[in-house]
Amino acid sequence: MGECDLKIAGRRIGRASWRATGPDWQFRAHCPAEQGFVYRVLLETAEGGQVLGVMAPEGDFFALEKKLPLSLTRRLGPELEGIRGAAVIRSRPGEYQGETGLLPFPLEAFEPWTAETAPPCPLLAEALEGEGALVRRWGPDYYIAAPLEPGRPFGLACVFCLALPMQIGQRQYGVVRLDEKRNFSFVNTEAQNGADYL
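Presented here is an overview of the structure given in this document. (Residues numbered from 1 in each chain as written. Predicted model: local features only at pLDDT ≥ 70, side-chain atom pairs only at ≥ 80, totals over all residues. Heavy atoms only, no water.)

1. Points about the overall build of the chain
For step 1, the next point in the chain: A tally of regular secondary structure across the chain gives 3 helices and 14 strands.
For step 2, the next point in the chain: The C-alpha radius of gyration of the chain comes to 18 Å, within 12% of the 16 Å expected for a compact globule of 198 residues.
For step 3, the next point in the chain: Taken over the C-alpha atoms alone, the chain extends approximately 55 × 35 × 30 Å along its principal axes.
For step 4, the next point in the chain: Here the chain holds 198 residues, and 45% of them are scored as buried.
For step 5, the next point in the chain: Within the chain, counting contacts between residues at least 6 apart in sequence, those at least 24 apart form 53% of the total.
For step 6, the next point in the chain: The positive charge centre, built from 21 side chains, and the negative charge centre, built from 25, are 3 Å apart in the chain. (Helix = DSSP H or I, 4+ residues; strand = E, 2+ residues; numbered from the N terminus. Rg over C-alpha atoms; globule rule 2.2 N^0.38 Å. Buried < 20%, exposed > 50% of the residue type's maximum accessible area, 1.4 Å probe, protein only. Contact = heavy atoms within 4.5 Å. Lys, Arg positive; Asp, Glu negative; His and termini not counted. Charge placed at Lys NZ, Arg CZ, Asp CG, Glu CD.)

2. Focus on the packing of aromatic side chains
For step 1, the next point in the chain: Tallied over the full model, the rule gives 5 aromatic pairs.
For step 2, the next point in the chain: Ring centres of Tyr-39 and Phe-62 lie 4.9 Å apart, and the angle between their planes is 65 degrees; on these two criteria the pair is classed as edge-to-face. Pair noted here: Tyr-39 is in strand β4 (residues 38-45) and Phe-62 is in strand β7 (residues 61-67), with a separation of 23 residues, a long-range link.
For step 3, the next point in the chain: Since its relative accessible area comes to 8%, Phe-62 is described here as buried.
For step 4, the next point in the chain: Ring geometry for Phe-105 and Trp-138: centres 5.3 Å apart, planes at 45 degrees, overall tilted. (Phe/Tyr/Trp six-rings, centres within 6.5 Å; stacked < 30°, edge-to-face > 60°.)

3. Overview of the nonpolar core
For step 1, the next point in the chain: In terms of nonpolar packing, the biggest core is built from 25 residues, with Leu-6, Phe-27, Tyr-39, Met-55 and Leu-68 touching the most fellow members.
For step 2, the next point in the chain: Looking at this core, the elements that each hand over two or more residues are β1 (2-8), β2 (11-21), β3 (24-32), β4, β7, α1 (70-76) and β8 (83-91).
For step 3, the next point in the chain: When residues in this core are grouped by element, the largest group, 4 residues, is from β3.
For step 4, the next point in the chain: Those residues in contact with Tyr-39, other than ones at most four positions away along the chain, are Ile-8, Ile-13, Cys-31, Pro-32, Glu-34, Gly-53, Val-54, Met-55, Phe-62, Val-88, Ile-89 and Arg-90. (Core = buried A, V, L, I, M, F, W, Y, C linked by side-chain atoms within 4.5 Å.)

4. Focus: the sheet that holds β2
For step 1, the next point in the chain: The mixed open sheet is built from 8 strands, whose spatial order is β5-β4-β8-β1-β2-β3-β7-β6. Looking at the sheet topology across the chains shown, the edges are occupied by β5 (48-54) and β6 (56-58). The mean inter-strand angle of the sheet, taken between neighbouring strand axes irrespective of direction, is 30 degrees.
For step 2, the next point in the chain: When β1 meets β8, the two strands line up parallel, connected through 2 bridges. Of the residues in β8, the one forming a bridge with Leu-6 is Ala-86. (Pairing = 2+ DSSP bridges. Axes fitted to C-alpha atoms, helices over the stretch in contact; angles between N-to-C directions.)

Here it is in structure tokens:
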């Protein structure tokens, strides 16, 4: 059995737990309901993560109860020790874009840049703090989105040639990947191999 906080944009809103039920593992997440929004649970693992499904209303709460896929539980180990946490992807009905093919996670999984969500890098913090940047840790890597706006400096100017322009919500961003060795790169292997994304 295990449990962790269920977070939205780095803020705790509920709990998630998992337990063995014979050869299978049962996952449950719950939090207070928010009218007018759809909550999807993203199980965060050492390898990245997986969207498990949409939370359903149960009175004043949202809940998701799901049997974890066997392929996922095999990768996470016999006690599911590979689980890092659980997060909510919050969207209005019809807004969720899901997988883009350019990122390994849905666009809605980006979180605001804060001291808690950002990679431990003082120079990046100085360049992006208070600029409206977004970030998502995925496995050992961080994906960083800095606003691309006319008349404003681009917070990732030093790696502009690697930035993939991307519409996230109502704003335009330049997105790069920062690996565990603190090297910047394109967000996907297709771009690294010369695909026409830039």
